[in-house]
Amino acid sequence: MQVIIFDDAQQVAANAAEWVAELINKKPNPVLGLATGSTPISLYQQLVNKHQTDQLSFKNVISFNLDEYLGIDANNAQSYRHFMNVHLFDHVDIDKNKTYLPICAQGENPREQGLAYEEKIKQANGVDLQILGIGANGHIGFNEPTSSLASRTRIKTLTQQTLTDNSRLFDDNEFQPTLAMTMGIATILDARYVLLMATGENKAQAVKNMVAGPLSAMCPASALQMHENAIVLLDKAAASQLDDQEYYQWANDQNIKINQEFGLYHNY
Ligand code: PGA
């Protein structure tokens, strides 16, 4: 796991945007794994900005989102399809027919839809770069604590903590879904690179459990310890409970030197 600590959330977003831009510029048919939530919003702003000012083109990008609520449709302002449209897709030249979310409409069989989503990812030759946030309870996607580390796209019941954390986004008498379809942990681990962004003090404990805790279904993000190319971008507040902050800084300086000497090497 490569842990990189930045001064603030804007720098985290700027660095994440560099990763995405590098992939898009390098690979003819890049496959992006996308996330929703408050954290990646500033990444998407940076990408829109790059599209407008640096001509970063999304026209060959295929994307797969981590998760989608059950019980609301794509036109609902709370759906993650809507979130992606508003924060990214409507502002760049991506072909929306090649942007996928794990949707399970009313009456559809979630098991079949989960399998179909896995199949669709395979047909696209897998995810090159998966963007991730982390829940205060250590979830990635909607893989809540106790999720199987071998899980695949399926329905999850959200925990009370996640419902409470996300209730800020819902009006008082608005329907807040308690179920979601989510990529599984094994699905996420299949991505060639994973880029996890975490900012703010309220993520510090989950970050510590992910980076330095035991590999455990109680902290689903700890599964990233098993990934060959997991990059964790943190602001100082999210990193504040890590014991080895100086080591991460030093190791990162060495990486920068190696990249300067031998060039940036990402094996997409
Ligand atoms: P947040 O959510 O970015 O809104 O904090 C992250 C997550 O739950 O994965």
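Higher on the page you've got the structure.
Residues numbered from 1 in each chain as written. Predicted model: local features only at pLDDT ≥ 70, side-chain atom pairs only at ≥ 80, totals over all residues. Heavy atoms only, no water.

1. Focus on the packing of helix α2 (residues 41-54) against helix α3 (residues 80-87)
Orientation of α2 relative to α3, taken along the N-to-C sense of each, is 40°, at an axis distance of 9 Å. By the criterion of interaxial angle, the relationship of α2 to α3 is oblique. Packed against α2, whose contacting residues are I41, Y44 and V48, the element α3 presents F83, M84 and H87 at the interface. Looking at the contact of α2 with α3 residue by residue, the class counts come to five nonpolar, one polar and no charged. (Axes fitted to C-alpha atoms, helices over the stretch in contact; angles between N-to-C directions. Helix = DSSP H or I, 4+ residues; strand = E, 2+ residues; numbered from the N terminus. Parallel < 35°, antiparallel > 145°, perpendicular 65-115°, else oblique. Contact = heavy atoms within 4.5 Å. Nonpolar A, V, L, I, M, F, W, Y, C, P; charged D, E, K, R; others polar.)

2. Side note on unusual backbone geometry
Although it is not a glycine, N125 sits at a positive phi angle of roughly 70°. Structurally, the position occupied by N125 is in the loop between α4 (110-123) and β6 (129-132). A positive phi angle is found at T146, which is not glycine, with a value near 85°. Within the fold, T146 resides in the loop between β6 and β7 (154-157).

3. Here we look at the environment of K96
Note on placement: K96 falls in the loop between α3 and β5 (99-100). In this structure K96 touches R81, N85, F89 and D90, once residues within four positions along its chain are discounted.

4. What to know about the side chain of S151
Take S151: it is sitting in the loop between β6 and β7. Residue classification places S151 among the buried residues on the basis of a relative accessible area of 6%. Looking at S151, its side chain comes within polar contact range of the main-chain oxygen of S148, at 2.7 Å. Engagement of the side chain of S151 in a polar contact is seen with the side chain of R154, the distance being 3.4 Å. (Buried < 20%, exposed > 50% of the residue type's maximum accessible area, 1.4 Å probe, protein only. Polar contact = N/O pair within 3.5 Å; in protein donor to acceptor, adjacent residues only side chain to side chain.)

5. Quick word on the site of the ligand
In the vicinity of the ligand, the contacting residues are G37, S38, T39, G133, I134, G135, H139, R168 and K203. Within the backbone of S38, one N or O atom sits 2.8 Å away from an oxygen atom of the ligand. Note that an oxygen atom of the ligand is positioned 2.5 Å from one of the side-chain N or O atoms of T39. Within the complex, the protein chains bury 83% of what would otherwise be the 280 Å² of accessible surface of the ligand. A per-class count over the shell around the ligand returns one nonpolar, six polar and two charged. (Near = heavy atom within 4 Å. Areas by Shrake-Rupley, 256 points an atom, 1.4 Å probe, with all protein chains shown as cover.)

6. Looking at the pattern of salt bridges
Per the stated rule, a full pass over the model turns up seven salt bridges. Here K236 and D7 are joined by a salt bridge, their closest N and O atoms 3.1 Å apart. Here D7 lies in the loop between β1 (2-6) and α1 (9-26) and K236 lies in the loop between β10 (230-235) and α8 (245-262), a separation of 229 residues in the sequence. A relative accessible area of 49% means that D7 is categorised as partly exposed. The closest approach of N and O atoms between D90 and K96, which form a salt bridge, is 2.5 Å. Since its relative accessible area comes to 45%, D90 is described here as partly exposed. Judged by its relative accessible area of 35%, K96 falls in the partly exposed class. (Salt bridge = Lys/Arg side-chain N within 4 Å of Asp/Glu carboxyl O.)

7. Section: the side chain of R81
Its location among the elements puts R81 in helix α3. The charged side chain of R81 is buried without a salt bridge, its nearest counter-charge being E68 at 6.2 Å. When neighbours within four sequence positions are excluded, R81 is seen to be in contact with E68, A74, F89, K96, T99 and L101. (Lys, Arg positive; Asp, Glu negative; His and termini not counted.)

8. As for the sheet that holds strand β3 (residues 62-65)
Pairing between the strands of a sheet comes from backbone hydrogen bonds, and it takes one of two forms, parallel or antiparallel. Judged by pairing direction, the sheet is parallel, and its seven strands sit side by side in the order β1-β10-β9-β6-β2-β3-β5 without closing on themselves. Pairing within the sheet leaves two strands with one partner each, and these edge strands are β1 and β5. Bridge analysis of strand β2 (residues 31-34) against β6 gives two bridges, and the strand direction is parallel. Note on β6: the bridge partner recorded for G33 is Q130. In the packing of α4 onto the sheet, contacts are made with β3 and β5, and the angle to β3 comes to roughly 150°. (Pairing = 2+ DSSP bridges.)

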